[in-house]
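A closer look at the structure
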Amino acid sequence: MKFSEWTLYSYFLVTLCSQHIPGIHGDDSAVKKWTSNGLKLQLPMPAPIIQHGYPAETHTVVTDDGYILTMHRIPYSPLSNSTETARPVVFLQHGLLCSSVDWVIMGPGKSLAYLLSDAGYDVWLGNSRGNVYSSKHQSLSPSSSKFWAFSWHEMGVYDLPAAIDYILHYTDQTDMYYVGHSMGTTMFYVLMSLKPEYNAKIRHMVALAPVAFLRNTKSLFAVATKYAPKGLLTELVYNRPFFSNTKYVNGPLRTLCKTGAITQGLCTNIIFQIGGFSSNQINQTMLPIIFTYFPAGSSLKAWAHYGQLMRSGFFRQYDYGFLRNLLKYGNTKPPDYNFAVITSPVSLIVGQNDWLATPEDAGLLRQSLPGPVTYSTVKHSDFNHFDFLWAIDVKTLVNENVVDILKVGLGKEMSY
């Protein structure tokens, strides 16, 4: 682990130890359920899908700038009467430090990927560059700082087009549905604003915990990057891995999170400090499983780019500093992303207690998108940023509604 990662890791633990830990309810048999069918805590994707009885495939695609991305696919549900029927495609894109596993980690009948598969969709799960499943390049080594010289801007400009074009060609379809969480929504806005021809390839986009404007972020972990310096010298610091999925990060977290450990409450606080406090939607006995896969890794530059959005108050490209901005953009400031050309239908779904993607900032995004747009809030006052993935009641509070939105298309504004 690099010095910068140790610094952040230490910040986490010091901050968490000073916090009050609210009581959590949950099913004490969560790990037992996970392992009852032979599932192991460190089982890599797509093995968890297969061992739950669903078919799974692994696909790789190379971006125009040489990154080798891994995608996972659930082509059909075991509940289906036919395996040959052409199905509408839905693509799920994870957020910062997450991976494809977060769409299946809560299991069949609950996680969004399984529910969409059961509803008749051809489900594809993306993995952005730099995470544990997409850490290869045609010519660059992950040990090189050049490998990590990217933020979510490059993920939107290069990763998403490569994935979308590959999937549509492979399935012989002309368009797809898109569901993003957190950074997965940011990447979408980047792509559609800079390559607007891709709007025609999206039937409908559902944004869970949408992130574009960050003027009202409350997360201490996120706000810390607001004051990160910029300029040529800092690029040497930012071009490095950020909380990679390794034994040095995930191993200690799993130990802290074991059922019965006096430190288990700290694991809950890690999630709360980042995404917002909630006292009744995190199942503590699921934490060893969650922290086996999370964090899944990314680039420190992606985190720094979000800090720039907090500092500027605008949704704009990466700020390299006065001189490099002048050379790269022809201006001393980076350009804003152009929302006016985003024509895909979008449904924004917002958590009332989301400290990262706050309702106030989601409201600014709603006003910026030209439409058609719907905006809804989850009917749970404490619902936070990571509850969209790991909440006890995620099926009824969010996922069933996502399935309904994709089925009926863009409907009237709703609050559920």
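Whatever comes next refers back to the structure up there.
Residues numbered from 1 in each chain as written. Predicted model: local features only at pLDDT ≥ 70, side-chain atom pairs only at ≥ 80, totals over all residues. Heavy atoms only, no water.

**What about the packing of aromatic side chains?**
The tally for this structure, following the rule as stated, stands at 24 aromatic pairs. Measuring from centroid to centroid gives 4.8 Å for Phe147 and Trp148, while their planes differ by 70 degrees, and the two rings are edge-to-face. Taking relative accessible area as the criterion, Phe147 reaches 0% and is therefore assigned buried. Plain terms: the ring middles of Phe315 and Phe339 are 5.5 Å apart, the flat faces sit at 25 degrees to each other, and that makes the pair stacked. Here the residue Phe315 occupies a position in the loop between helix H12 (300-312) and helix H13 (322-329), and Phe339 occupies one in the loop between H13 and strand S10 (346-350), the gap between them amounting to 24 residues. An identical accessibility class is assigned to Phe315 and Phe339; each is buried. The structure contains a cluster of three or more aromatic residues connected by ring pairs, namely Phe91, Trp152, Tyr178, Phe188, Tyr189, Phe213, Tyr306, Phe315, Tyr337 and Phe339. Between Arg129 and the ring centre of Phe150, over which it is positioned, the NZ or CZ distance is 5.7 Å. If you follow Arg215 out to its NZ or CZ, it ends over the ring of Phe314, 5.4 Å from the centre. (Phe/Tyr/Trp six-rings, centres within 6.5 Å; stacked < 30°, edge-to-face > 60°. Buried < 20%, exposed > 50% of the residue type's maximum accessible area, 1.4 Å probe, protein only. Helix = DSSP H or I, 4+ residues; strand = E, 2+ residues; numbered from the N terminus. Lys NZ or Arg CZ within 6 Å of the ring centre and 35° of its normal.)

**What to know about the pairing of strand S1 (residues 57-62)**
Here S1 runs beside strand S2 (residues 67-74); their pairing, made up of six bridges, is antiparallel. Of the residues in S2, the one forming a bridge with Thr58 is His72. (Pairing = 2+ DSSP bridges.)

**Observations concerning a nonpolar patch on the surface**
Where nonpolar side chains cluster on the molecular surface, the patch consists of Phe322, Leu323 and Leu326 and spans about 340 Å² of accessible area. In this fold, Phe322 is placed in helix H13. (Patch = residues over 30% accessible without salt bridge, like charges linked within 9 Å, V, L, I, M, F, W, Y side chains within 5 Å. Areas by Shrake-Rupley, 256 points an atom, 1.4 Å probe, with all protein chains shown as cover. Salt bridge = Lys/Arg side-chain N within 4 Å of Asp/Glu carboxyl O.)

**Details of the nonpolar core**
Among the nonpolar cores identified, the biggest contains 114 residues, and Leu92, Trp152, Val179, Tyr189 and Phe315 are the most heavily contacted of them. A per-element tally of this core places helix H5 (residues 152-171) first, with nine residues. (Core = buried A, V, L, I, M, F, W, Y, C linked by side-chain atoms within 4.5 Å.)

**Overview of the pattern of salt bridges**
All told, the structure shown has seven salt bridges when counted by the stated rule. Between Asp336 and Arg316 there is a salt bridge whose closest N-O contact spans 2.8 Å. In this pair, Asp336 is assigned in the loop between H13 and S10 and Arg316 in the loop between H12 and H13, connecting sequence segments 20 residues apart. Taking the relative accessible area as the measure of exposure, Arg316 reaches 17% and is therefore buried. Three or more residues are tied together by salt bridges with common partners; here these are Glu57, Arg73 and Asp122.

**Here we look at the packing of H5 against H12**
Two elements in contact, H5 and H12, have axes whose closest approach is 8 Å; the angle formed by their N-to-C orientations is 110 degrees. When the interaxial angle is binned, H5 and H12 end up roughly perpendicular. Each of Trp152, His153 and Met155 in H5 lies in contact with H12, whose residues at this interface are Ala302, His305, Tyr306 and Leu309. Taken together, the residues of the contact of H5 with H12 break down into five nonpolar, two polar and no charged. (Axes fitted to C-alpha atoms, helices over the stretch in contact; angles between N-to-C directions. Parallel < 35°, antiparallel > 145°, perpendicular 65-115°, else oblique. Contact = heavy atoms within 4.5 Å. Nonpolar A, V, L, I, M, F, W, Y, C, P; charged D, E, K, R; others polar.)

These figures come from the coordinates and say nothing about function on their own.
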